[in-house]
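Each chain is listed here by its residues.
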Amino acid sequence: MSVLSTSRAHAPAPAELDPEERMSRDELEALQLRRLQATVRLAYAKVPLYTSKFDEAGVHPDDLRSLEDLQKFPFTTKEDLRLSYPFGMFAVPRAEVARIHASSGTTGLPTVVGYTQNDLDNWATLIARSLRASGVRPGQMVHNAYGYGLFTGGLGAHAGIERLGCTVVPMSGGNTPKQVQLIRDFRPDAIMATPSYLLTIIDAIAASGEDPRLSSLAVGILGAEPWTNEMRDTIERSLGIDAVDIYGLSEVMGPGVGNECIESKDGPHIWEDHFLPEIIDSETGASLADGTQGELVFTTLTKEALPVIRYRTHDISSLLPGSARPNMRRMSRIAGRNDDMIILRGVNLFPSQIEEIALAIEGLSPHFSLELTTAGRMDSLTVHIESREGLSAAEGQAAADRLVREVKSRIGSSVAVELAQPGSLPRSEGKLKRLHDNR
Ligand code: DLL
């Protein structure tokens, strides 16, 4: 939080919470089991892919007598959704689907998801809950810079901002000069954006001659891409806000599967009345105990149009005990996606580890990208990073050398660092692609 001001956003009083946030763990687990049984029955009865998957695995919805029994059921993957393109995994007739979203697949077909009116209603409730956890209150104004359209970020957040009783500014992503103008003139209390795009906006505010720390913004609800506590510090200091983490994915719902609480900022609380999380070993599929790092898997508990059973997210995290909401577990900040993991001469590394180290070095900016190349038969990783404004060449080189040394000592990998001029690397307008594989 900014050194200029004390936190302007605050935690909700118990009376402001949803009843589910106040349930005992036992009550919550009883609710989860009832909803899980109904979801598994719905999927088996209405979605041919689940019927055949369950039959092949020799499991039936009647086998689900406890939450642990879910482990007997097969996983669902992005490939399953692709094979069912476009509407094959819907559990309700198309006419009952009130809205469709899609994520642009990196290869070929988009992944299509659908929502009934009840699904949209639950989604709005969970975004409203997430905003409240972030310190936003009814009557405040929220600038929504998540992209509108097929991406779930913009419209998903939009409905929840309205649901909480806030004024929504449906700005969408991009058109940075307009973002700066509206933030200055409308004076919103909160902003929703990817952390990398918020950095772009902060730079643009500064370039317009204003001090970003004097903006009206008190809180940022940031997600849709991995970011670290070091990035949180950078954003909080340069904009004078509290920054909290919002997590979600289209296949499971969209933004608002989990959200950090402003009073603890210790990883998103998973809204467990609607989603059942698990952590598995990516290689073997075995369930891992809470506290152990592995791949996040989600089962939806209330989704009607697109129930998903044990969906493999590819996101690497761990499950932690509840804190600000004692009955709901948290997830540790996403370390990265297992498909974004770099294996450099036998050492595993995530782009977020480089972010963590680089942002702690004075003289380096938060703008960087990673490039993988092959030299001979060896892979090598180059960090392209901008130095801070006003640094001499010698100071810049010292900062770059320090990054090389710290990556070597903390991760064990040798990387090359290429210093770039301030403002020269491409800026994010949404989800930033950090890793460029040029092998
Ligand atoms: O990015 C939904 C969303 C929108 C979340 C706005 C938060 C805010 P997809 O496009 O389907 O949906 O991408 C989902 O993004 O599996 C993670 O890899 C990544 N991701 C989302 N939130 C976070 C986060 C939206 N807080 C994929 N931290 C997920 C790290 C995140 N990664």
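Residue indices follow the written sequence of each chain, beginning from 1 at its first position. Per-residue local features are limited, in this predicted model, to residues with pLDDT of at least 70; the limit for side-chain atom pairs, both in listing and counting, is 80 or more; totals at the level of whole chains, interfaces and linings are taken over all residues. The basis for every side-chain value is the complete set of heavy atoms in the structure, and neither hydrogens nor water enter the calculation.

By the naming in an unreviewed UniProt entry, the chain is Phenylacetate-coenzyme A ligase, taken from Lysinimonas soli. UniProt positions are given in the numbering used here, feature names are shortened, and annotations may be inferred rather than shown by experiment. Note on the chain: under the UniProt heading Function (unreviewed entry), the record states "Catalyzes the activation of phenylacetic acid (PA) to phenylacetyl-CoA (PA-CoA)." Recorded in UniProt under Sequence similarities (unreviewed entry), the annotation for the chain is "Belongs to the phenylacetyl-CoA ligase family."

## A closer look at the pairing of strand β3 (residues 141–144)
Remark: a regular strand shows side chains that alternate across the two faces of the sheet. The alternating pattern of β3 places M141 and H143 and V142 and N144 on opposite faces, both of which are buried. Paired strands are those between which DSSP finds at least two bridges. Numbering of helices and strands runs from the N terminus, with a helix taken as a DSSP run of H or I at least four residues long and a strand as a DSSP run of E at least two residues long. Pairing geometry for β3 and strand β4 (residues 167–169), over 3 bridges, is parallel. Its bridge partner lying in β4, H143 is registered against V169. Orienting the strands away from the viewer, one traces the path from the first strand over the helix to the second; a clockwise path indicates a right-handed crossover. Taken together, β3, helix α6 (residues 152–164) and β4 constitute a β-α-β crossover, and its handedness is right-handed. The buried label applies to any residue whose accessible area, calculated with a 1.4 Å probe on protein chains only, is under 20% of its type's maximum; exposed applies above 50%, and partly exposed to all values in between.

## Section: unusual backbone geometry
Along the chain, Y85 connects to P86 via a cis peptide bond; the corresponding omega equals -5°. Here P86 shows up in the loop between α4 (78–83) and β1 (99–103). Even without glycine at this site, S172 takes up a positive phi of about 70°. Under the relative-accessibility criterion, S172 is labelled buried at 17%.

## Description of the site of the ligand
Near the ligand you find 19 residues, and of these D245, I246, S250, D315 and K431 are the closest. In the environment of the ligand, an oxygen atom lies 2.4 Å from a nitrogen or oxygen atom belonging to the side chain of S250. Interatomic distance of 3.2 Å between a side-chain N/O atom of R337 and an oxygen atom of the ligand. Contributing elements (two or more residues each) for the shell around the ligand: α6 and β7 (242–249). If you tally residues by element for the shell around the ligand, the top one is β7, at 5 residues. In these notes, residues near a molecule or strand are those with any non-hydrogen atom within 4 Å of it. We call two N or O atoms a polar contact when they sit within 3.5 Å, provided that within protein one can donate a hydrogen and the other can accept it, with sequence-adjacent residues counted only if both atoms are side-chain atoms.

## A word on the sheet that holds strand β19 (residues 378–387)
With mixed pairing, the 4 strands of this open sheet are ordered in space as β20-β19-β18-β21. The open sheet has two edge strands with one neighbour each: β20 (416–420) and β21 (435–437). Mean inter-strand twist for the sheet, computed between neighbouring axes without regard to direction, equals 20°. Pairing between β19 and β20: 5 bridges, direction parallel. Across the sheet, V383 pairs through a bridge with V417, a residue of β20. Contact definition: two residues touch when any of their heavy atoms are within 4.5 Å. For helices, the axis comes from a line fit to the C-alpha atoms of the stretch in contact; other axes are also lines fit to C-alpha atoms, and the angle between any two N-to-C directions lies between 0 and 180 degrees. Its contacts with the sheet put helix α11 (residues 393–410) on β18 (364–375), β19 and β20, and the angle it makes with β20 is roughly 150°.

## Things to note about the sheet that holds strand β12 (residues 311–317)
Pairing is antiparallel across the open sheet formed by 4 strands, whose spatial order is β10-β11-β12-β15. One side of each edge strand has no neighbouring strand; the edge strands of this open sheet are β10 (275–280) and β15 (336–337). As judged from the 4 bridges shared by strand β11 (residues 294–300) and β12, these two strands associate in the antiparallel manner. If you follow G294 over to β12, its bridge partner there is S317.

## Observations regarding the environment of L198
Along the chain, L198 turns up in helix α8 (residues 195–207). Here the alpha-carbon distance between L198 and F54, two residues 144 residues apart in the chain, equals 44 Å. When neighbours within four sequence positions are excluded, L198 is seen to be in contact with I191, A193, L222, I235, L239 and I241.

## Here we look at the pattern of salt bridges
Counted as salt bridges are all cases of a side-chain nitrogen of Lys or Arg within 4 Å of a carboxyl oxygen of Asp or Glu. Considering all chains together, one arrives at 38 salt bridges under this definition. For R129, the salt bridge is made with E21, and the minimal N-O distance between the two is 3.8 Å. Taken as a pair, R129 in helix α5 (residues 117–133) and E21 in helix α1 (residues 19–22) lie far apart in primary sequence, 108 residues in all. On the accessibility criterion, R129 (1% relative accessible area) is buried. In this structure, E21 engages R132 in a salt bridge whose closest nitrogen and oxygen atoms are separated by 3.3 Å. Placement of the pair is E21 in helix α1 and R132 in helix α5, with a sequence separation of 111 residues. For the pair E21 and R132, one class covers both residues: buried. In the salt-bridge network here, residues are joined through shared partners; they are D18, E20, E21, R129, R132, E263, D273 and R325.

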